[in-house]
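Okay, here's what each chain looks like letter by letter:
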Amino acid sequence: MRAEHVRGVAGVKPPQTAVAIGTLATTASQEPRNQELGVRLVFPFIFVVFAFLCGYCCFLEMMANKAVFLDRDGVINRPVIVEGKPFPPRTVTEFEILPGVNQACSDLKNAGFLLVVVTNQPDVGRGILKKEVVEAIHKTMMGYLPIDRVEVCYHAGAEFGEECECRKPKPGMLINAAAALDIDLSHSFMVGDRWRDIDCGKRAGCKTALIDWGYSEELREKPDFRGANLTEAAHWILRNSDR
Ligand SMILES: [Mg+2]
Ligand SMILES: [Zn+2]
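Everything numeric here is computed off the predicted structure, so don't read it as measured data.

Let us now look at the overall build of the protein chain. Looking only at helices and strands, the protein chain has 7 helices and 8 strands in total. Split into buried and exposed, the 243 residues of the protein chain put 28% on the buried side.

Okay, structure coming up:
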């Protein structure tokens, strides 16, 4: 019994020990191999994730729209000049679209740009001009030109106690339109005839073009282009669009 027991124990134990040693041996030899495999897989994995993210960003960028933001008075219509400074038309009949504007707008549209008019009309907030007149002018403008959207700031301005986030040079109107129309501001342009337009375009991250009427006012920021009219600005935009 004793011998059997001893044998039996002895007969059982060796295989158990062998298995145990075998398990330890397997684990010990696989760990470095697994680590090595892990290290070898980490870099391709990071590369694939990085490539996917780059591709996705490019895709989103390609899908976003590009736009030309157009100031209204002095870019689309002839400004009413008083003592060297431009003023908006007071009636629909005073609203005169400048020569070449229709063609320039069509050329920009054909090149894939959205056209967004962004205009300060503080005379409404100051009680000098009726909002209905401005709206009637815009209805007329939309009837002649392929404009996608009009953003208007009617606020009087900080100097009249009515500060807002939309009055140029603040970029609020461009940011609003960009959100509404999925516009990539970094591939977009702002065209205006005053310092407020240029500063606004710069703040929004757009390239800027000045229609230079020789007004008696200083610029603050330097525009990327200066031209005599929207035709010249549109040609420059078409030459400088990177998409
Ligand atoms: Mg203007
Ligand atoms: Zn405003």
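Glancing now at the sheet that holds strand β4 (residues 113–120). The strand order across the open sheet formed by 6 strands is β5-β4-β1-β6-β7-β8, and the pairing between neighbours is parallel. Each of the sheet's edge strands pairs with one partner strand only, and the pair in question is β5 (149–153) and β8 (225–227). Geometrically, the sheet is characterised by an average inter-axis angle of 20° between neighbouring strands, direction not taken into account. Relative to strand β7 (residues 207–211), strand β6 (residues 189–192) runs parallel, the two sharing 4 bridges. Among the inter-strand pairings, V191 is bridged to a residue of β7, identified as A209.

Take the confidence of the model for the protein chain next. Here the protein chain averages 87 in pLDDT, and 81% of its residues register 70 or above. Under a pLDDT of 50 for its full length, residues 1–24 has, in the predicted model, 0 contacts with residues more than four places off or in other chains.

Every buried residue of helix α7 (residues 230–240) is listed here: L230, A233, A234 and I237. Down the axis of α7, the smallest arc covering the buried residues is 100°, so these residues share one side.

What follows is about the packing of helix α2 (residues 101–110) against α7. Contact pair α2 / α7: the axes reach a minimum separation of 9 Å and the direction vectors enclose 15°. It follows from the interaxial angle that α2 and α7 lie roughly parallel. Viewed along their axes, α2 and α7 form a crossing whose handedness is left-handed. Between α2 and α7, the residues in contact are V101, Q103, A104, D107 and L108 and L230, T231, A234, I237 and L238, respectively. Split into classes, the residues belonging to the contact of α2 with α7 amount to 7 nonpolar, 2 polar and 1 charged.

Once that is clear, we can look at the environment of E151. Residue placement: E151 occurs in strand β5. Counting along the chain gives 33 residues from E151 to V118, while the straight-line C-alpha distance between them is 4.8 Å.

This paragraph deals with the environment of R167. If you trace the backbone, R167 turns up in the loop between β5 and α5 (172–181). Classification of R167 by C-beta neighbours within 10 Å gives buried; the count is 22. Each C-alpha atom, one on R167 and one on G157, is 7.1 Å from the other, the two residues being 10 residues apart in sequence. The contact partners of R167, leaving out residues within four places of it in the chain, are N120, C153, H155 and G157.

The next point concerns unusual backbone geometry. Across the chain, the bulk of peptide bonds are trans and the bulk of non-glycine residues have phi less than zero. Backbone torsion omega between K168 and P169 reads 20°, so that peptide bond is classified as cis. For P169, the location among the structural elements is in the loop between β5 and α5. Look at E83: it is not a glycine, yet its phi comes out positive at around 50°. Within the element layout of this structure, E83 appears in the loop between β2 (80–82) and β3 (85–87). On the basis of neighbour count, E83 is assigned to the exposed category, with 6 C-beta atoms found within 10 Å. At D182, a position not held by glycine, the phi torsion is positive, near 55°. Within the secondary structure layout, D182 lies in the loop between α5 and β6. According to the C-beta neighbour criterion, D182 is exposed, with 12 such atoms within 10 Å.

Our next topic: the pairing of β7. Among the 5 residues that make up β7, 5 are buried, leaving the element largely enclosed by the rest of the structure. Residue alternation in β7 divides its side chains into two sets, K207, A209 and I211 and T208 and L210, and both sets are buried. Following the backbone out of β6, through helix α6 (residues 195–204) and into the adjacent parallel β7, one traces a crossover that is right-handed. Of the strand pairs in this sheet, β7 and β8 are connected by 3 bridges, and their pairing is parallel. Paired with A209 across the strands is F225, a residue of β8.

Calculation rules
- Residues numbered from 1 in each chain as written.
- Chains lettered and ligands numbered in written order.
- Predicted model: local features only at pLDDT ≥ 70, side-chain atom pairs only at ≥ 80, totals over all residues.
- Helix = DSSP H or I, 4+ residues; strand = E, 2+ residues; numbered from the N terminus.
- Buried ≥ 20, exposed ≤ 12 C-beta atoms within 10 Å, placed from the backbone.
- Pairing = 2+ DSSP bridges.
- Axes fitted to C-alpha atoms, helices over the stretch in contact; angles between N-to-C directions.
- pLDDT = per-residue confidence, 0-100.
- Contact = placed C-beta atoms within 7 Å.
- Arc of directions from axis to C-beta.
- Parallel < 35°, antiparallel > 145°, perpendicular 65-115°, else oblique.
- Left-handed = near helix turned anticlockwise from the far one by under 90°.
- Nonpolar A, V, L, I, M, F, W, Y, C, P; charged D, E, K, R; others polar.
- Right-handed = clockwise from strand over helix to strand, strands pointing away.

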